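The lines below spell out each chain.
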Amino acid sequence: MALPTVSIKVSEQSQITSEVLQKTVSKINVKIRDYLVEDYTAALTEGQQAMETVMAMDDFVPKPDTTRFPRINVHYPTKEENKLNGWAWKATVKNLNDDEAKNGPLYGKTVCLKDNVCLADVPCLNGTDVFSNWVPKTDATVVTRILEAGGIITGKAMCENLSAFGVSNTAAQGPVGNPYDPTRSAGGSSSGTGVLVATGQADMGIGGDQGGSIRVPAAHVGIVGLKPTYGLVPYTGIVSSEFSVDHTGPMTPDVISNALLLQVIAGIDGIDDRQDPKTPLPSEVPKYHALLLAARDARSLLSLPLNGGTRPMKIGILKEGGETTNMDPRVFGCVKNAAMKFAELGAVVEDISVPGHLSAPLIALYRFSQANNLLGRGGGRKQLYLNDYTELFHPWTQEKFDKLFPNSANTMINGLYADEHYPMLHGKCHNLLRKLRLDYDAVLNEVDILIMPTTPWVAKVMPPPNASPLTHFGEARGLLDNAQPFDHTGHPALSIPCGVLSPPEGPETLKLPVGMQLVSKHHHELTLYKAGLAWSEAFDWKNV
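Residues numbered from 1 in each chain as written. Predicted model: local features only at pLDDT ≥ 70, side-chain atom pairs only at ≥ 80, totals over all residues. Heavy atoms only, no water.

## Observations regarding unusual backbone geometry
Here is step 1: Note the cis peptide between glycine 188 and serine 189, where omega equals 10°.
Here is step 2: In this fold, serine 189 is placed in the loop between β6 (181-185) and α5 (191-198).
Here is step 3: Positive phi values are uncommon outside glycine, yet asparagine 326 reaches one of about 60°.
Here is step 4: Structurally, asparagine 326 can be placed in the loop between β12 (314-318) and α9 (329-344). (Helix = DSSP H or I, 4+ residues; strand = E, 2+ residues; numbered from the N terminus.)

Here it is in structure tokens:
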């Protein structure tokens, strides 16, 4: 059977020549045979013209309701109102209909947003100065849900440079100081959110987490931070670092308010394809707050159902959680002692092992794959793309590259190198991380919760922002080893304060928070909250 032929007319104004064609395919070390050059030049011309037509079309983003939720008093914070540099931008956004707002579960609560969360008509810095003129045109889904629940958004919280580091000295707008000692790291990358919540400048906050960026600041400043199950909270309208590890979640002073905020922001939004079939509709999200209070009132926080009755919760202390790079043995000891106290409350506590936990940092995707977003590569994902943000990076110039914090520059370098030399690396990492998830799932069939330190040390003195790349990398080595595995496997992870320690170098009088991380099965946030609340109400973490 003869195949039909198609005639494609090449525009006389076309930018596509045979030289352009050959240069394009030379990137994969091939060339177009001479007798095919004319046809493929014509076909590429048609493709290029289609691309130009699409790029000329108006982009589409969901339109925010700025009439119902107007943006008021938008301004860059003064030094007087920003002593620890926790604010990136100030604004007041709330429902003008107070009668309507009163019915919401967040009525009267002030909320800050990590400064990679879109709040339309309010500038977004994302910790960088590669550009300074991005003003989002849409609201993130979590923003709309907070406002509809009666919350009052009071501004954007400073975050680390491109949300890509765990130490709070990388934002182009200056370091974020720890409330316990401003010379020390507040953790990152949701550094500002942690500080604003810890100091009472906001009742609660939204953080982002790709490698520990909710839990590390929570641990360093002594608050509660939850990285939810992957996809439970829609990431729509938030700047992506890497599609497969993007999480957003609540940062609050205590467990109960954390559960309340999660209840408001969780659930499918119909846009974010990170959400799997088990993700509930907003109307079907568990009433975490009410269920938690009911369990407390029934004195059943550490009980779980079994055959019509109940059984005690089982807690597993992860052996490898104390063996990560640069772990301060005092921190692991503090967390282990705190975990053992669950036995005093009626839980079963035992040691447990997941050997693959120690290899997780080696196969971490963000080591190289974050470069895809920096290079403007769409991932074929069906979600909202913030194209007006991405286009500000392009074309890359020496001036823009020189403004990157070393971690982002290193990620781009690694990504470019991996693309050229290890094209199967991305897929290999995903396969290995799936195995790691199965390893965690296996032990979570034996125990209900895994416990380990959130971070390997208490807050350190920050290196100067202009320190060498290797200095920055060295100071942070091991910081995320217990946190980032669960971004890759998607398990929910909660950090609560469980004690205090002096820094190893002193002074002995300075007491800094220690974070205890609790991990459970996918969509078992309520189990984490029950355990976290039981411990927090039984023991004073500042005086354990």
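## Some thoughts on the nonpolar core
Here is step 1: Counting residues in hydrophobic clusters, the biggest one holds 93 residues, and the most contacted among them are Ile146, Phe342, Ile451, Met516, Leu518, Tyr529 and Trp535.
Here is step 2: Among the elements that line this core, the one with the most residues is helix α7 (residues 255-265), at 8 residues.
Here is step 3: Residues in contact with tyrosine 529, not counting those within four places in the same chain, are Leu226, Pro250, Val255, Asn258, Ala259, Leu262, Tyr288, Leu292 and Leu494.
Here is step 4: One finds Ala360, Phe368, Leu433 and Tyr440 within the second-largest nonpolar core, a separate group that totals 20 residues. (Core = buried A, V, L, I, M, F, W, Y, C linked by side-chain atoms within 4.5 Å. Buried < 20%, exposed > 50% of the residue type's maximum accessible area, 1.4 Å probe, protein only. Contact = heavy atoms within 4.5 Å.)

## Thoughts on empty space enclosed by the protein
Here is step 1: Evaluated as defined, the whole model comprises 1 cavity of 30 Å³ or more.
Here is step 2: Considered as a void within the structure, the largest cavity measures approximately 70 Å³ in volume.
Here is step 3: Residue lining of the largest cavity: Gly166, Val167, Ser185, His220, Trp457, Lys460, Val461, Pro463, Glu475 and Leu479, and that is the complete set.
Here is step 4: Partitioned by chemical class, the residues of the lining of the largest cavity number 5 nonpolar, 3 polar and 2 charged. (1 Å grid on protein atoms, 1.4 Å probe; cavity = no way out; pocket = protein on both sides within 12 Å on 5 of 7 lines; lining within 4 Å. Points joined across faces, edges and corners; volume = space filled by probe spheres on them. Nonpolar A, V, L, I, M, F, W, Y, C, P; charged D, E, K, R; others polar.)

## Some details on the packing of aromatic side chains
Think of a pair of aromatic rings as described by two things: how far the centres are apart, and how the planes are tilted against each other in angle.
Here is step 1: In total, this model carries 12 aromatic pairs according to the counting rule given.
Here is step 2: Relative to phenylalanine 393, the ring of phenylalanine 131 has its centre 5.1 Å away and its plane inclined at 80°; by these criteria the two rings are edge-to-face. One end of the pair, phenylalanine 131, is in the loop between β3 (110-114) and α4 (141-148); the other, phenylalanine 393, is in the loop between α11 (387-390) and α12 (398-402), and 262 residues separate them in sequence. Across this residue pair, the class does not change: phenylalanine 131 and phenylalanine 393 are buried.
Here is step 3: On the basis of an interplanar angle of 75° and a centroid distance of 5.3 Å, the ring pair of tyrosine 389 and phenylalanine 393 is categorised as edge-to-face. Summarising the burial analysis for this pair, tyrosine 389 and phenylalanine 393 share the class buried.
Here is step 4: Ring-pair connections join several aromatic residues into one group, and the members of that group are Phe131, Trp134, Tyr389, Phe393 and Trp396. (Phe/Tyr/Trp six-rings, centres within 6.5 Å; stacked < 30°, edge-to-face > 60°.)

## Notes on the state of the cysteines
Here is step 1: Within this structure, the stated rule accounts for 0 disulfides.
Here is step 2: Between cysteine 159, a free cysteine, and cysteine 124, which holds the nearest cysteine sulfur, the sulfur-to-sulfur gap is 7.0 Å.
Here is step 3: Between cysteine 334, a cysteine without a disulfide, and cysteine 498, which holds the nearest cysteine sulfur, the sulfur-to-sulfur distance is 4.3 Å.
Here is step 4: Assessed through its relative accessible area of 14%, cysteine 334 is described here as buried. (Disulfide = S-S within 2.5 Å.)

## Quick look at the packing of helix α1 (residues 18-25) against helix α2 (residues 37-56)
Here is step 1: Between α1 and α2, the least distance of the axes is 9 Å, while the angle of their chain directions is 85°. Between α1 and α2, the angle falls in the class roughly perpendicular. Residues Ser18, Leu21 and Gln22 of α1 touch α2, and the partners they reach there are Val37, Tyr40, Thr41 and Leu44. (Axes fitted to C-alpha atoms, helices over the stretch in contact; angles between N-to-C directions. Parallel < 35°, antiparallel > 145°, perpendicular 65-115°, else oblique.)

## Observations concerning the pattern of salt bridges
Here is step 1: Following the criterion strictly, the structure yields 22 salt bridges and no others.
Here is step 2: Glutamate 148 is the partner of arginine 68 in a salt bridge, and the nearest nitrogen-oxygen pair spans 3.8 Å. Of this pair, arginine 68 sits in the loop between α2 and β1 (71-75) while glutamate 148 sits in helix α4; the two residues are 80 residues apart in sequence, bridging distant segments of the chain.
Here is step 3: One salt bridge in this structure joins glutamate 508 and lysine 511, with 3.2 Å as the shortest N-O distance.
Here is step 4: When salt bridges with common partners are traced through the structure, they connect Arg68, Glu100 and Glu148 into a single cluster. (Salt bridge = Lys/Arg side-chain N within 4 Å of Asp/Glu carboxyl O.)

## Focus: the sheet that holds strand β15 (residues 493-501)
Here is step 1: With mixed pairing, 12 strands are arranged side by side in an open sheet as β1-β2-β4-β3-β7-β9-β8-β15-β16-β14-β12-β13. Each edge of the open sheet carries a strand with a single partner, namely β1 and β13 (348-352). Pairs of neighbouring strands in the sheet enclose a mean axial angle of 25°, with direction left out of account.
Here is step 2: Here strand β2 (residues 87-93) runs beside strand β4 (residues 152-157); their pairing, made up of 4 bridges, is antiparallel. In the strand pairing of β4, valine 93 is matched with isoleucine 153.
Here is step 3: Where α9 meets the sheet, it contacts β12, β13, β14 (449-453), β15 and β16 (512-519), and its direction lies at approximately 55° from that of β16. (Pairing = 2+ DSSP bridges.)

## Remarks on the side chain of glutamine 484
Here is step 1: Note that glutamine 484 resides in the loop between α15 (469-476) and α16 (485-489).
Here is step 2: Of the polar contacts made by the side chain of glutamine 484, one reaches the backbone oxygen of alanine 360; its length is 3.5 Å. (Polar contact = N/O pair within 3.5 Å; in protein donor to acceptor, adjacent residues only side chain to side chain.)

## Some points on α9
Here is step 1: An ideal rise of 1.5 Å per residue puts 22 Å on 16 residues; α9 measures up with 23 Å between its terminal C-alpha atoms.
Here is step 2: When we look at burial in α9, the residues that qualify are Val331, Phe332, Cys334, Val335, Ala338, Ala339 and Phe342. Along the long axis of α9, the arc covered by the buried residues comes to 160°, so they all point the same way. Across α9 from its buried face, at more than 90 degrees, point the exposed residues Pro329, Asn337 and Glu344.
Here is step 3: In this fold, the buried residues of α9 make contact with β12, β13, β14, β15, β16 and α17 (525-538).
Here is step 4: The backbone nitrogen of arginine 330 has a side-chain oxygen 2.9 Å away, supplied by the residue at the start of α9, namely aspartate 328.
Here is step 5: Two residues or fewer after α9 comes glycine 346, characterised by a positive phi angle close to 105°. (Expected span 1.5 Å × (residues − 1). Arc of directions from axis to C-beta.)

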